[in-house]
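Observations on chain architecture
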Amino acid sequence: MSIDVQQALSHKFTPLTTTLTEKDVILYALSIGEGYSPTSSENLKFTYEHHPEFSTIPSLGVIFCLPTLSQLSSVPGLSFDPMMLLHGEHYLEILSPLPTAGTFITHAKIANIYDKGKGALVVVETITQDKSTGKD
């Protein structure tokens, strides 16, 4: 693994556009077990689009950054074997409730690189904005 820290830190990732539908919101909720009690009002607000409080589970926000990882192998100054890549952790900060449908743009950058001896820790920061409002 070889790293040119300054070159990697100055890299601009291609912004990614994601379109989210009500169906996507429901499928995500079901995929993390929200439908375990199908008649529960607490479950229905995440799994039934006609529920008066239909809303998005906040953790859905983590999916917006995942496609950014596919661009990691093309970052100039960052050379590594993708088979040795380990996704270490995720941090999600929600600044406003996620809409149940819309188009979102995700911007990413390498925030920091830490030398770990035989490897490196690369911190990738992503910010996702609602395309229609511009809000993070």
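Summarised in this report is the structure supplied together with it. The structure displayed is predicted, hence computed values, not measured ones. (Residues numbered from 1 in each chain as written. Predicted model: local features only at pLDDT ≥ 70, side-chain atom pairs only at ≥ 80, totals over all residues. Heavy atoms only, no water.)

**Overview of the overall build of the protein**
Operational definition: Per the convention used, a helix needs a DSSP run of H or I reaching at least four residues, while a strand needs a run of E reaching at least two, with both numbered from the N terminus. Radius of gyration: C-alpha atoms only; globule rule: 2.2 Å multiplied by the number of residues to the exponent 0.38. Burial classes follow relative accessibility: with a 1.4 Å probe on protein chains only, a residue under 20% of its type's maximum area counts as buried, one over 50% as exposed, and anything between as partly exposed. In these tables, accessible area is a Shrake-Rupley quantity obtained with a 1.4 Å probe, and a residue counts as shielded only by the protein chains included in the view. In summary, the charge assignment counts Lys and Arg as positive and Asp and Glu as negative, without counting His or the chain termini. To locate a charge, the coordinates of NZ of Lys, CZ of Arg, CG of Asp or CD of Glu are taken.
Along the protein, the regular secondary structure elements total three helices and five strands. Its helices and strands in sequence order give the protein the pattern β-α-β-α-α-β-β-β, from N to C terminus. For 136 residues, the compact-globule formula gives about 14 Å, and the C-alpha radius of gyration of the protein, at 18 Å, lies well above that figure. For the protein, the spread of C-alpha atoms along the principal axes amounts to about 55 × 30 × 20 Å. Counting the 136 residues in the protein, one finds 27% classified as buried. Surface exposure of the protein reaches about 8900 Å², of which carbon and sulfur atoms provide 56%. If the 8 positive side-chain charges of the protein are averaged to one point and the 14 negative ones to another, these points end up 6 Å apart.

**Side note on the packing of aromatic side chains**
Selection rule: The rule is short: rings of Phe, Tyr and Trp, with Trp giving its six-membered ring, pair when the centres are within 6.5 Å, and they are stacked under 30 degrees, edge-to-face over 60, tilted in between.
The full count for this structure, using the stated rule, is one aromatic pair. Here Phe64 and Phe104 contribute two aromatic rings whose centre-to-centre distance is 5.0 Å and whose plane-to-plane angle is 40°, an arrangement assigned as tilted. With Phe64 in the loop between α3 (41-47) and β3 (78-79) and Phe104 in strand β4 (residues 102-115), the pair connects residues that are 40 residues apart, well separated along the chain. In terms of burial, Phe64 and Phe104 fall into one category: buried.

**A short note on the pairing of strand β2 (residues 16-20)**
Rule in force here: The rule for pairing is simple: two strands pair if DSSP sees at least two bridges between them.
On β2, burial follows the alternation: Leu16, Thr18 and Leu20 on one face are buried, whereas Thr17 and Thr19 on the facing-out side are not. Inspection of the sheet shows β2 paired to β4 by five bridges, in the antiparallel sense. Looking at the pairing, Thr18 lines up with Phe104 of β4.

**A few points about the nonpolar core**
Generally speaking, soluble globular proteins have nonpolar side chains that are buried together. Keep this limit in mind: By nonpolar core we mean a set of buried residues, namely Ala, Val, Leu, Ile, Met, Phe, Trp, Tyr and Cys, connected to one another through side-chain atoms within 4.5 Å.
Judged by nonpolar contacts, Leu20, Val25, Ile26, Tyr28, Ala29, Phe46, Phe54, Ile57, Leu60, Phe64 and Phe104 together constitute the single largest core of eleven residues. When residues of this core are assigned to their parent elements, the largest contribution, four residues, is made by helix α2 (residues 22-31).

**Remarks on the sheet that holds β2**
Definition in use: The convention used is that axes are lines fitted to C-alpha atoms, helices contributing only their stretch in contact, and that angles between N-to-C directions extend from 0 to 180 degrees.
Here three strands make up an open sheet; going across it, the order is β2-β4-β5 and the pairing antiparallel. The two strands at the open ends of the sheet, each matched to only one other strand, are β2 and β5 (120-130). Put simply, the sheet's adjacent strands are angled 35° from each other on average, direction ignored.

**Quick look at the side chain of Gln71**
To be explicit about the condition: Residue contacts are counted whenever heavy atoms from the two residues lie within 4.5 Å of one another.
Position of Gln71 relative to the elements: it lies in the loop between α3 and β3. Not counting residues up to four positions away in its chain, the partners in contact with Gln71 are Phe13, Thr14 and Leu16.

**Structural notes on α2**
Each turn of an α-helix holds 3.6 residues, which means side chains three or four residues apart point in the same direction. Quick note on the threshold: In this context, the arc is that of the directions from the helix axis out to the C-beta atoms.
Taken residue by residue, α2 has Val25, Ile26, Tyr28 and Ala29 as its buried positions. Projected onto a plane normal to the axis of α2, the buried residues spread over an arc of 160° and lie on a single side. Opposite the buried face of α2, at more than 90 degrees from it, the exposed residues are Lys23 and Ser31. Of the residues one or two after α2, Gly33 is the one with positive phi, at around 95°.

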